[in-house]
Amino acid sequence: MCGRITLSTPAARLIELFQLTDFPRMDPHYNIAPTHLVICIRSQENEKQAIPMRWGLVPSWAKDLSIGNRMINARSETAAEKPSFRKAWTHRRCLIPVDGFYEWEKPAKPGSKQKQPWLIHAADNTPFVLAGLWESWQPPESTGETVLTCSILTTSANADMSPIHDRMPVIIPPEHHATWLSASTTTSQLTELTQPAADGILTRYRVSTAVNKATFDSPECIAPLADTESTDLQLF
DNA sequence: CCAGACGTTGTT
DNA sequence: GTCTGG
DNA sequence: CCAGACGTTGTT
DNA sequence: GTCTGG
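In short, a report on the structure. (Residues numbered from 1 in each chain as written. Chains lettered and ligands numbered in written order. Predicted model: local features only at pLDDT ≥ 70, side-chain atom pairs only at ≥ 80, totals over all residues. Heavy atoms only, no water.)

### Quick word on the overall build of chain A
Next, step 1: If you tally the helices and strands in chain A, you get 4 helices and 12 strands.
Next, step 2: Taken against the 2.2 N^0.38 rule, which gives 18 Å for 236 residues, the C-alpha radius of gyration of chain A at 17 Å falls within 12% of a compact globule.
Next, step 3: Across its three principal axes, chain A shows a C-alpha extent of roughly 50 × 35 × 35 Å.
Next, step 4: Taking as baseline every contact in chain A between residues at least 6 positions apart, the subset at least 24 positions apart corresponds to 65%.
Next, step 5: Only carbon and sulfur atoms are counted for the fraction: they give 50% of the accessible area of chain A, which is about 11,900 Å². (Helix = DSSP H or I, 4+ residues; strand = E, 2+ residues; numbered from the N terminus. Rg over C-alpha atoms; globule rule 2.2 N^0.38 Å. Contact = heavy atoms within 4.5 Å. Areas by Shrake-Rupley, 256 points an atom, 1.4 Å probe, with all protein chains shown as cover.)

Printed below as a string of structure tokens:
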């Protein structure tokens, strides 16, 4: 779950949301896939910074970048114990702003229909912030540049998501951003912050199956179909 | 001791 | 790097 | 997450 | 069917 996201919110608005002075230059993208860059906000020596990172966490011991291809999500319930995630869980948490994310609903009857893609977004059409872990990876033999990578944490679905899926990304509301990024946050606080989001904050609409093939920076792929559950989404 | 895994989702 | 399984 | 490949030898 | 690449 949570294997595609969108981010077209202008940098100025994200600067305001995170109270930053600097922000990386990024064009709007409507179909961000694993291995693409996502924006991560991390706290580095008490300095908050927004940095593009490769989506798919590559543990420091990995011999190959491709290991990150299946590390796009981390279960919040078990990340503290998993060898690939536990150091990041303790020391390298980050925030990942999105406009929304895609979820592919399985066909009700097996073998019948095609999967239905939905775009899930905030009910109030504002960008929102996912909980992530990040890692720094150095290619073996010192050949090539250090690569920053990240993973999106998941938790069980809230009432908004459960009709189409049993998991959802962890969402961190603005009042908890600082706690999530702080190095002194306790285990019990982390458990609290990774609970499913409050019911009612998300809504969704059907998108064309063309989302699969759309280029990832085209707004076409988030155009709602006629049969839609919310009609008031605006581009940011 | 060394060798091999190290992950999630969803589906069966 | 660190843990698990053989 | 989906889309697309899924193989080797030898020759150019 | 299952893995890899994006």
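### Here's the deal with the nonpolar core
Next, step 1: With 56 residues, the main nonpolar core has Ile5, Ile96, Leu133, Leu153 and Trp180 as its most contacted residues.
Next, step 2: With 7 residues, the top contributor of residues to this core is strand β9 (residues 128-137).
Next, step 3: The contact partners of Leu153, leaving out residues within four places of it in the chain, are Ala74, Arg75, Ser76, Ala79, Trp89, Ala131, Gly132, Leu133, Met168, Pro169, Val170 and Trp180.
Next, step 4: Listed in part, the 8 residues of the second largest apolar core include Tyr30, Leu119, Tyr205 and Cys221. (Core = buried A, V, L, I, M, F, W, Y, C linked by side-chain atoms within 4.5 Å. Buried < 20%, exposed > 50% of the residue type's maximum accessible area, 1.4 Å probe, protein only.)

### A short note on the protein's contact with DNA strand B
Next, step 1: Surrounding DNA strand B, one finds 17 residues, the nearest of these being Arg70, Arg75, Lys106, Thr154 and His165.
Next, step 2: Of all DNA strand B atoms lying within 4 Å of any protein atom, the proportion belonging to sugar or phosphate reaches 75%.
Next, step 3: The element best represented in the surface near DNA strand B is strand β5 (residues 73-75), accounting for 3 residues.
Next, step 4: For the surface near DNA strand B, the class distribution of residues is 6 nonpolar, 5 polar and 6 charged. (Near = heavy atom within 4 Å. Nonpolar A, V, L, I, M, F, W, Y, C, P; charged D, E, K, R; others polar.)

### A look at the side chain of Arg93
Next, step 1: Examined against the element boundaries, Arg93 turns out to sit in strand β6 (residues 93-98).
Next, step 2: Put simply, Arg93 is tucked away with no salt bridge, and the nearest opposite charge, on Glu135, sits 13 Å away.
Next, step 3: A distance of 2.7 Å separates a polar side-chain atom of Arg93 from the backbone oxygen of Trp89.
Next, step 4: At a separation of 2.4 Å, a polar atom in the side chain of Arg93 contacts the main-chain carbonyl oxygen of Ser182. (Lys, Arg positive; Asp, Glu negative; His and termini not counted. Salt bridge = Lys/Arg side-chain N within 4 Å of Asp/Glu carboxyl O. Polar contact = N/O pair within 3.5 Å; in protein donor to acceptor, adjacent residues only side chain to side chain.)

### As for unusual backbone geometry
Next, step 1: Unusually for a residue other than glycine, Cys2 sits at a positive phi of about 50 degrees.
Next, step 2: Structurally, Cys2 is set in the segment before β1 (5-7).
Next, step 3: A residue is classified by how much of its surface remains accessible, and Cys2, at 0% relative accessible area, is buried.
Next, step 4: Its identity is not glycine, yet Asn125 carries a phi of approximately 60 degrees, on the positive side.
Next, step 5: Tracing the chain through its elements places Asn125 in the loop between β8 (116-122) and β9.

### Considering the protein's contact with DNA strand E
Next, step 1: Taken together, Arg4, Ala33, Pro34, Thr35 and Asn69 form the complete shell of residues around DNA strand E.
Next, step 2: Counting only atoms of DNA strand E within 4 Å of the protein, the sugar-phosphate share comes to 13%.
Next, step 3: Between DNA strand E and Thr35, the relevant distance is 3.5 Å, taken from a base nitrogen to a side-chain nitrogen or oxygen of the residue.
Next, step 4: Measuring from a base nitrogen of DNA strand E, one finds a side-chain N or O atom of Asn69 at 3.5 Å.
Next, step 5: Across the surface near DNA strand E, the residue classes break down as 2 nonpolar, 2 polar and 1 charged.

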